[in-house]
Amino acid sequence: MKVGIVGAFEGAHLGASFARAADKLDVEKICFDTADALGGNRILRALRWRFCGRTPLYLERFANRVVEQCREARPDILIATGAAPLNRAALGALRAIDVRTVNYSTDDPWNPGSRSRWHLQALPHYEIVFTTRRVNIGELQQLGCADVRYLPFGYDEALVASHAEIRDARVCDVLFVGGADDDRAAFMSGFAAAGAPIAVVGGYWDKYPAMRPYFLGHMPPALVGALTAAAKVNLCLVRHANRDGHVMRSFEI
């Protein structure tokens, strides 16, 4: 078997976890890094994102490259994570060359903060859509997805820290790891104001002045695992806008 993986491959992103799983199972893989579609000139990137329905700057170029490389490499299955930059034209072309396409829908496609028309138009053209939330099953079926299946998150054992790393970690009383948004920042700010000795790790926390004293910055997965094991209390906050029932941190903690 040969598998194609479309995703992000740095840090704790799912693309890297799928790639490690393929290696462990001795499955030949070909990887397509979504960063290639999301980069480019900052101003042009922002303009297309804002005025073209959250479309990545190089969506079409990336999707065409995936098709061309799959035409050469002939993977049996292509696994795309989340709102992978593959449009319906590319998915149709992949089906024409007998590549089975699967989407692992990690975020709610109807989340107001990330909803995009191009992605919703593409989803029905995947052969199978796996979703981590039951609330999306009926919605995906109504959208036109022929085969929708529930597949909850798990965790990647390769990201769990060793005891040696834990000994070197800072001990936090209350730790939260994850990206900041308004809901999470409001909760954590109130929690800190009540006197809780908190620390936060992840993206965008420095945008909120009240949270800056507690922000430890971005950290590699091994150190996040060490901090998690050493903390007295770990918080797991799912996203209201995502309608999450669980996240990867639910299992990592």
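Just so we're clear, the structure is a prediction, and the values are computed from it rather than from any experiment. (Residues numbered from 1 in each chain as written. Predicted model: local features only at pLDDT ≥ 70, side-chain atom pairs only at ≥ 80, totals over all residues. Heavy atoms only, no water.)

1. A look at the layout of surface pockets
Move 1: Of the volumes computed, that of the second largest pocket is approximately 560 Å³.
Move 2: Lining the second largest pocket are 26 residues, with Leu14, Ser17, Phe18, Ala21 and Tyr104 positioned closest to its centre.
Move 3: If one sorts the elements of the lining of the second largest pocket by residue count, helix H1 (residues 14–24) sits on top with six residues.
Move 4: For the lining of the second largest pocket, the residue count by class is 18 nonpolar, two polar and six charged. (1 Å grid on protein atoms, 1.4 Å probe; cavity = no way out; pocket = protein on both sides within 12 Å on 5 of 7 lines; lining within 4 Å. Points joined across faces, edges and corners; volume = space filled by probe spheres on them. Helix = DSSP H or I, 4+ residues; strand = E, 2+ residues; numbered from the N terminus. Nonpolar A, V, L, I, M, F, W, Y, C, P; charged D, E, K, R; others polar.)

2. Let's talk about a nonpolar patch on the surface
Move 1: Judged by side-chain polarity, Ile43, Leu44, Leu47 and Phe51 come together as a nonpolar surface patch covering roughly 430 Å² of accessible area.
Move 2: Its place among the elements puts Ile43 in helix H3 (residues 42–51). (Patch = residues over 30% accessible without salt bridge, like charges linked within 9 Å, V, L, I, M, F, W, Y side chains within 5 Å. Areas by Shrake-Rupley, 256 points an atom, 1.4 Å probe, with all protein chains shown as cover. Salt bridge = Lys/Arg side-chain N within 4 Å of Asp/Glu carboxyl O.)

3. Thoughts on the pattern of salt bridges
Close approach of charged atoms allows side chains with opposite charge to pair.
Move 1: If you walk through the whole model with that rule in mind, you get 15 salt bridges.
Move 2: One salt bridge in this structure joins Lys24 and Glu157, with 2.5 Å as the shortest N-O distance. On the criterion of sequence distance, the pair formed by Lys24 in helix H1 and Glu157 in the loop between strand E6 (148–150) and helix H8 (163–167) is long-range, its members being 133 residues apart. One exposure class covers both Lys24 and Glu157, and it is exposed.
Move 3: Between Arg243 and Glu139 there is a salt bridge, and its shortest N-O distance comes to 2.9 Å. (Buried < 20%, exposed > 50% of the residue type's maximum accessible area, 1.4 Å probe, protein only.)

4. So, the packing of aromatic side chains
Move 1: A full pass over the atoms with the stated rule returns four aromatic pairs.
Move 2: With a centroid separation of 6.0 Å and 65° between ring planes, the pair formed by Tyr104 and Phe153 is classed as edge-to-face. Residue Tyr104 is found in strand E4 (residues 100–105), and its partner Phe153 is found in the loop between E6 and H8; the two are separated by 49 residues along the sequence.
Move 3: Classification of Tyr104 as buried rests on a relative accessible area of 7%.
Move 4: Taking the relative accessible area as the measure of exposure, Phe153 reaches 9% and is therefore buried. (Phe/Tyr/Trp six-rings, centres within 6.5 Å; stacked < 30°, edge-to-face > 60°.)

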